Amino acid sequence: MLSRTAENLYWLARYVERAEYIARTIDATLRVTALPAAYIGKTNEWESALLTAGVSTSFYETYQEATEQNVVEYLAFSPANPSSIKNCIEAARLNSRSVRTALTSEMWDTINSAWIELQEVWGKGTSSREELARFLRFVQETSLRFDGSAYRTMLRNDAYWFSRLGLHLERADNTARILDVKYHVLLPEEEHVGGPLDYYQWTSILRSVSALTAYHWVYRETLKPWLIADLLILNDTLPRSLASCYSNLVRNLDQIGVAYGRQGASQRHARGVRNRLEHSHMDDIFQHGVHEFIQEFIADNSRLGEIITKQYLI
Amino acid sequence: MAVAFDEMNGPGGDLRPAYRELSRWLKETPPDALEYRRQEAELLFRRIGITFAVYGDAEAQERLIPFDVIPRIMSGKEWTVLEKGLKQRVRALNMFLRDIYHGRDILRANLIPDDLIFQNPVFRPEMNGQSVPHDVYVHIAGIDIVRIDADNFIVLEDNARTPSGVSYMLENREIMMRLFPDLFARHRVAPVERYPDELLSALRSVAPLSASAEPTVALMTPGVYNSAYYEHSFLADKLGIELVEGRDLIVKNDEVFMRTTEGLKRVDVIYRRVDDDFLDPLTFRPDSALGVPGLMSAYAAGNVTLANAVGTGIADDKAIYSYMPEIVKFYLGEEPILKNVPTWRCREPKDLSYVLDNLGDLVVKEVHGSGGYGMLIGPAATKATIEAFRDKLKREPEGFIAQPTLALSTCPTCTAAGLAPRHVDLRPFVLTGSKHVTIVPGGLTRVALKEGSLVVNSSQGGGTKDTWILDE
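Computed from a predicted structure; not experimentally measured.

Reading the values: rules and limits
Residues numbered from 1 in each chain as written. Chains lettered and ligands numbered in written order. Predicted model: local features only at pLDDT ≥ 70, side-chain atom pairs only at ≥ 80, totals over all residues. Helix = DSSP H or I, 4+ residues; strand = E, 2+ residues; numbered from the N terminus. Buried ≥ 20, exposed ≤ 12 C-beta atoms within 10 Å, placed from the backbone. Contact = placed C-beta atoms within 7 Å. Nonpolar A, V, L, I, M, F, W, Y, C, P; charged D, E, K, R; others polar. Domains from an automatic or database assignment. Pairing = 2+ DSSP bridges. Axes fitted to C-alpha atoms, helices over the stretch in contact; angles between N-to-C directions. Left-handed = near helix turned anticlockwise from the far one by under 90°. Parallel < 35°, antiparallel > 145°, perpendicular 65-115°, else oblique. Expected span 1.5 Å × (residues − 1).

## Remarks on the overall build of chain B
Next, step 1: When you go through chain B residue by residue, the secondary structure sums to 15 helices and 21 strands.
Next, step 2: Here chain B holds 472 residues, and the buried ones make up 44% of them.
Next, step 3: By sequence separation, contacts in chain B at least 24 residues apart represent 68% of the contacts at least 6 residues apart.

## Considerations on the interface of chain A and chain B
Next, step 1: On the side of chain B, 16 residues touch chain A, which itself brings 17 residues to the contact.
Next, step 2: Secondary structure elements with two or more residues in the side of chain A that touches chain B: α1 (3-33), α6 (85-98) and α7 (105-120) of chain A.
Next, step 3: Sort the elements by how many residues they give to the side of chain A that touches chain B and α7(A) lands first, with four residues.
Next, step 4: For the side of chain A that touches chain B, a count of residues per class yields seven nonpolar, five polar and five charged.

## Some thoughts on the domain arrangement of chain B
Next, step 1: Splitting chain B by domain gives domain 1 (11-189 + 318-341 + 406-469), domain 2 (209-303) and domain 3 (344-404).
Next, step 2: On a C-alpha basis, the centroid separation for the pair domain 2 of chain B and domain 3 of chain B is 38 Å.

## Observations concerning the sheet that holds strand β7 (residues 255-260) of chain B
Residue and element names in this part refer to chain B.
Next, step 1: Taken in spatial order, the three strands of this open sheet run β6-β7-β8, and their pairing is antiparallel. With one partner strand each, in any of the chains shown, β6 (249-252) and β8 (263-266) form the two edges of the open sheet. Mean inter-strand twist for the sheet, computed between neighbouring axes without regard to direction, equals 40 degrees.
Next, step 2: Relative to β8, β7 is paired through four bridges, and the arrangement is antiparallel. Within β8, the position partnered with threonine 260 by the bridge is glycine 263.

## Comments concerning the packing of α1(A) against helix α9 (residues 158-186) of chain A
The relative placement of two packed helices is expressed as an angle between their axes plus a distance between the axes.
All names here are of chain A.
Next, step 1: Interaxial distance between α1 and α9 falls to 7 Å at its minimum, and their mutual angle equals 35 degrees. Between α1 and α9 lies a crossing of right-handed hand. Along the contact surface, α1 presents Ala6, Leu9, Tyr10, Trp11, Leu12, Ala13, Arg14, Glu17, Arg18 and Tyr21, while α9 presents Asp158, Ala159, Phe162, Ser163, Leu165, Gly166, Leu167, Leu169, Glu170, Arg171 and Asn174.
Next, step 2: Per-class residue counts for the contact of α1 with α9 are 12 nonpolar, three polar and six charged.

## Some words on the packing of helix α3 (residues 45-53) of chain A against α9(A)
All names here are of chain A.
Next, step 1: The interhelical angle for the contact between α3 and α9, taken along N-to-C directions, is 140 degrees, at an axis separation of 8 Å. In terms of orientation, α3 lies oblique with respect to α9. Both α3 and α9 take part in a crossing whose hand is right-handed. Facing Ser48, Leu51 and Thr52 of α3, the residues of α9 in contact are Arg177, Ile178 and Val181.
Next, step 2: A per-class count over the contact of α3 with α9 returns three nonpolar, two polar and one charged.

## Thoughts on the environment of Ser164(B)
Residues and elements named next belong to chain B.
Next, step 1: You can see serine 164 is positioned in the loop between β3 (153-159) and α6 (166-179).
Next, step 2: The sequence separation of serine 164 and alanine 141 amounts to 23 residues, and the corresponding C-alpha distance is 9.3 Å.
Next, step 3: Other than its neighbours up to four places away in sequence, serine 164 contacts Ala228 and Glu231.

## Thoughts on unusual backbone geometry
In terms of backbone geometry, most residues other than glycine have negative phi values and most peptide bonds are trans.
Residue and element names in this part refer to chain B.
Next, step 1: With omega at 0 degrees, the peptide bond leading from alanine 307 into asparagine 308 counts as cis.
Next, step 2: Relative to the assigned elements, asparagine 308 resides in the loop between β10 (305-307) and α11 (313-316).
Next, step 3: The backbone of asparagine 110 shows a phi angle near 55 degrees, a positive value even though the residue is not glycine.
Next, step 4: With respect to the element layout, asparagine 110 can be found in the loop between α4 (105-108) and α5 (114-118).
Next, step 5: The exposure class assigned to asparagine 110 is exposed, which follows from the 8 C-beta atoms found within 10 Å.

## Let's talk about the sheet that holds strand β13 (residues 362-366) of chain B
Neighbouring strands of a sheet are bound in pairs by backbone hydrogen bonds; such pairs are parallel or else antiparallel.
Residue and element names in this part refer to chain B.
Next, step 1: Here four strands make up an open sheet; going across it, the order is β12-β15-β13-β14 and the pairing antiparallel. Here the strands that pair on one side only, and so sit at the sheet edges, are β12 (344-345) and β14 (376-377).
Next, step 2: Sheet topology note: the β13/β14 ladder contains two bridges and is antiparallel. Bridging from a neighbouring strand, valine 363 pairs with isoleucine 377 of β14.

## Some words on helix α3 (residues 76-100) of chain B
Next, step 1: Compared with the 36 Å implied by 1.5 Å per residue over 25 residues, the 36 Å span of α3(B) between its first and last C-alpha is a close match.
Next, step 2: Looking only at α3(B), the buried set comprises Trp79(B), Leu82(B), Leu86(B), Arg89(B), Val90(B), Ala92(B), Leu93(B), Asn94(B), Met95(B), Phe96(B), Leu97(B) and Ile100(B).

## Comments concerning the domain arrangement of chain A
All names here are of chain A.
Next, step 1: Under the domain assignment, chain A is made up of domain 1 (1-154) and domain 2 (155-314).
Next, step 2: A separation of 20 Å is found between the C-alpha centroids of domain 1 and domain 2.
Next, step 3: Taken residue by residue, the interface counts 29 residues in domain 1 and 26 residues in domain 2.
Next, step 4: Going through the elements one at a time, α1, α2 (37-40) and α3 are the ones with two or more residues in the side of domain 1 that touches domain 2.
Next, step 5: Examining the composition of the side of domain 1 that touches domain 2, we find that 17 residues originate from one element, α1, more than from any other.
Next, step 6: Class assignment for the residues of the side of domain 1 that touches domain 2 results in 17 nonpolar, six polar and six charged.

Structural data, given as structure tokens:
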């Protein structure tokens, strides 16, 4: 297939996934900030939402203060923020238009309808928490529908594989970013008994990767920070864990390699990262430092993006 | 202006046979049921994303072309005549182009003034002596036809460069069949869906000699911001070929390749929807970012076929148009089946003075204009507009032609006040391959939605209709 087509499919999936992630971040932050001030203490959750979205620096170029209104506006609707939900959906549609021939009609319909709704219903942003909640649900449903229609309707060929690469690469990046911002609340301290604030922080992390219920199914335990870290980093059964993302990246890259009769740098690099995740234990990671581990992962992940681009997309 | 011929209710208000069933169906169908389906159609169009862009209109970057659900119907007999005339015309266009870029017999016969060719900006000296596979220049032609009475179809314009609109022909039918199965059941409507197959086989038939047995065809688009982008992606999809932009192509050793995830792949035939000027920055406009450097040299080396060929603009130029009857006679030795609109060439002093004296009754068009822009419709214009146009005309008479206003036929159309007659034209699409000239029965009917308006262009508020040719 055309390199440009592969590139568009890859970015299309990334943008849709990113829009969902930002929506989840806002949603999780809303829940924490709905708690009585006594629980939250002095930390500004909206500040931390900006950090998890990776747009903290650019935010302060436009705004003075990280208030709920400002942050929601910036994350969800601002044209100045390249990763705002609005911009993600617009970029997704532009990419879709460029590769219409490679999309199934269900996928196109999802993106196109979302784009129309974005303008017609959400053109002026939201003016209440109820409206915002409805908007966030719309974004998450769009992503689910897109993902589902890709899964159910696309031919299993390179178009599908490149789109999945974008999805899993973006997803791995998102999960790693939450961990990077919140790692300090996950540090195991010997006699640490989580206070109410920590408890809400932990649920909030799980919620933002839709893993709250999954946690209980997997561990059948009350929330323990190191188990949360284990789930998000190493547990292959959780779709948003780093390990699961890399199993998928390796699988899709292998399929491309087989179809094209050639392996390359991206297959090698992805396998390397996956092997490291497979052979890691949470104890070692904590000993080495979660922060360093995550930082390294983020760098490796974006490196994979560069290698894929060089090998296939240009 | 004469009273327009209505295609449903002919002169004297007698229902014409082709419309008998439709008329009966309309009487049986309650108006709100029709309205409901009209809304349904609009929704479908929007969801599918069939839009076009209007240049210079930031507010409405993507617009829907209004679709009118009342079909325009022609009998098989009428179509047979039309089809013969169209094939004849397109054959002549191809022979004319071959001649202009080679022996130039027609100039030596003094049928067309030399400077009309050589000083014409759409004449491409690069094509002199260049041979093209099977001497086909215009693989895809969109001939604009209007009807003035029961017997006469007239050619308004030959589009021999990159005619668009065929996606609407196909999608309109698709949507009509979905929404009005009951109406189809009462008619035998000739299908149009084989168009993509015929287009693909025409394109493959003109592959260069150096191509493999299975030539690779690609559709080249200027990109998502082009007004006809939807059509480009739609056609590439239906044809099952890659939709490429200039940046996807690269020329090496006079061969054209596309960049794919598996490396470079040779392209043999390019159905290009990019104008000549933007094809190759090394040959034409150096500022073009849409084109492919070196494309023209691969073309000259005979390693790639461009469809349509470069330089076909000289055949559909409005100044050349007025010579079409002579062109048909010269190359085919036949009387033209389809008539031309009588045309005054403002470059000729006698014609100019007639035009200046009768501006209020004429339509004056720019020789190089298209899309209905830059023209004067005398009977509908204010005095001031006419006077302003008079100055323009005097300054540069060779830039204009003039024609009488035609009483375009009308068809019943949905309006706010119920069904009412609106003026229509027709653009059938004529395909030329190595062996045959083919036309899918039908075409794109454009309708001027404003009462009394004669401008059917989509950029100026025109709509479209499904066109039915009855299979009798």
